[in-house]
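Chain by chain, the residues:
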Amino acid sequence: MQEFLVSAKADLMEARAGWLSALGRERRLAALTLEAYERDTRQFFQFLTGHCGGPPGLSDIADLRPADLRAFLAYRRKEGVGARTLGRGLAAIRSFLRHLERRGLANAAGAASLRSPKLPKSLPRPLTAPDARRVVSAGEQLAEEPWIAARNAAVLTLLYGSGLRISEALGITASQIAGKGETILRITGKGGKTRLTPMLPVALQAVGEYRRLCPHHLPPNGPLFRGARGGPLDPSVVQREMRKLRSALNLPDSATPHALRHSFATHLLARGGDLRTIQELLGHASLSTTQLYTGVDTSRLLDIYDKAHPRA
């Protein structure tokens, strides 16, 4: 992981490096989570430099009080940081302090007693079923080159048809979808966890058409989806293509690649899917995360009621 210049003493920097290494090695946290935790603790050290009157060391961390942590959160709020980012920052500091506590270098009780910032309730914003079908349709793709249009349709179909994250779809190798009769896709998601997801016939057909038209060699262990020059397809390209589709199809700003994953879960729930199964298909560690989709479906039903009932 890339290291940044921070205002902290060598003993504290060494302890932090050991903590980050342990998170990646033992807990197998995703690379983006590790980067966020690195950034959060770096900002915390920079705050402590001013708060303590000099670069902090392990002795300063060991003596931290809840008031010091509250001052850090207040400092970040003044910078315009939202509750979700503050909560993640506090989680990073708690994790670091627990790591130090297990080695007899700090007391994590103060951080554990501090209440996390209250997060605003926000529901996933899926597309309607007709809009989702239009987005994944090969005929609606805007790319001029047929193989790129087929590629875009295949990626978007996997996001909607299998409930994949964009990183998961772009991480698929050519050997993972090689035959016409495949019905199950093995996906490695967040934290290196593996799950099984369905492969719909329409998704197999879309991938098959892309492979037929793709001008680049697709070795079995290499990425299935390629950029215009043959390298691995970058997520920003898919996001850009989705923005073009959103404009062309007059869809709301919430119509993003990730919204197709939300659509997968919401539409399954609306057709009678149970939460536990949807949790497994999405790869959620906690059922409470999946339960957000019940709020989406309830909101949709109430909206229909308000529009349809003569006395609503």
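The name given to the protein in an unreviewed UniProt entry is Tyrosine recombinase XerC, and the organism recorded there is Aquibium oceanicum. As its UniProt record puts it under Subunit (unreviewed entry), the protein is described as follows: "Forms a cyclic heterotetrameric complex composed of two molecules of XerC and two molecules of XerD." Note on the protein: under the UniProt heading Function (unreviewed entry), the record states "Site-specific tyrosine recombinase, which acts by catalyzing the cutting and rejoining of the recombining DNA molecules. The XerC-XerD complex is essential to convert dimers of the bacterial chromosome into monomers to permit their segregation at cell division. It also contributes to the segregational stability of plasmids."

Asker: Just to check I follow, could you spell out the overall build of the protein for this structure?
Answerer: Along the backbone of the protein there are 15 helices and 2 strands. Looking at the protein as a whole, 44% of its 312 residues are labelled buried. Long-range pairs, those at least 24 residues apart, make up 62% of the contacts in the protein between residues at least 6 apart in sequence. Surface exposure of the protein reaches about 17,000 Å², of which carbon and sulfur atoms provide 53%.

Asker: Help me understand the confidence of the model for the protein, please; the structure alone is not making it clear to me.
Answerer: Across the protein, the average pLDDT comes to 85, with 88% of residues at 70 or higher. Mean pLDDT across the elements of the protein bottoms out in helix α15 (residues 292–308) (57) and peaks in helix α8 (residues 146–162) (95).

Asker: What is the right way to look at the nonpolar core in this model?
Answerer: Counting 42 residues, the largest nonpolar core has L158 and F225 as the members making the most contacts within it. Elements with a minimum of two residues in this core: α7 (129–136), α8, α9 (166–170), β1 (184–188), α10 (201–213), α11 (235–248) and α12 (257–270). Ranked by the residues each element gives to this core, the list is headed by α8, at 9 residues. Each residue touching F225, except ones within four places of it in the same chain, is listed here: R151, A154, V155, L158, A169, L170, V207, Y210, G231, P232 and L233. Counting 31 residues, the second-largest nonpolar core is a separate cluster that includes A8, A92, A111 and L114.

What counts, and where the lines are drawn
Residues numbered from 1 in each chain as written. Predicted model: local features only at pLDDT ≥ 70, side-chain atom pairs only at ≥ 80, totals over all residues. Heavy atoms only, no water. UniProt positions renumbered as here; feature names shortened; annotations may be inferred. Helix = DSSP H or I, 4+ residues; strand = E, 2+ residues; numbered from the N terminus. Buried < 20%, exposed > 50% of the residue type's maximum accessible area, 1.4 Å probe, protein only. Contact = heavy atoms within 4.5 Å. Areas by Shrake-Rupley, 256 points an atom, 1.4 Å probe, with all protein chains shown as cover. pLDDT = per-residue confidence, 0-100. Core = buried A, V, L, I, M, F, W, Y, C linked by side-chain atoms within 4.5 Å.

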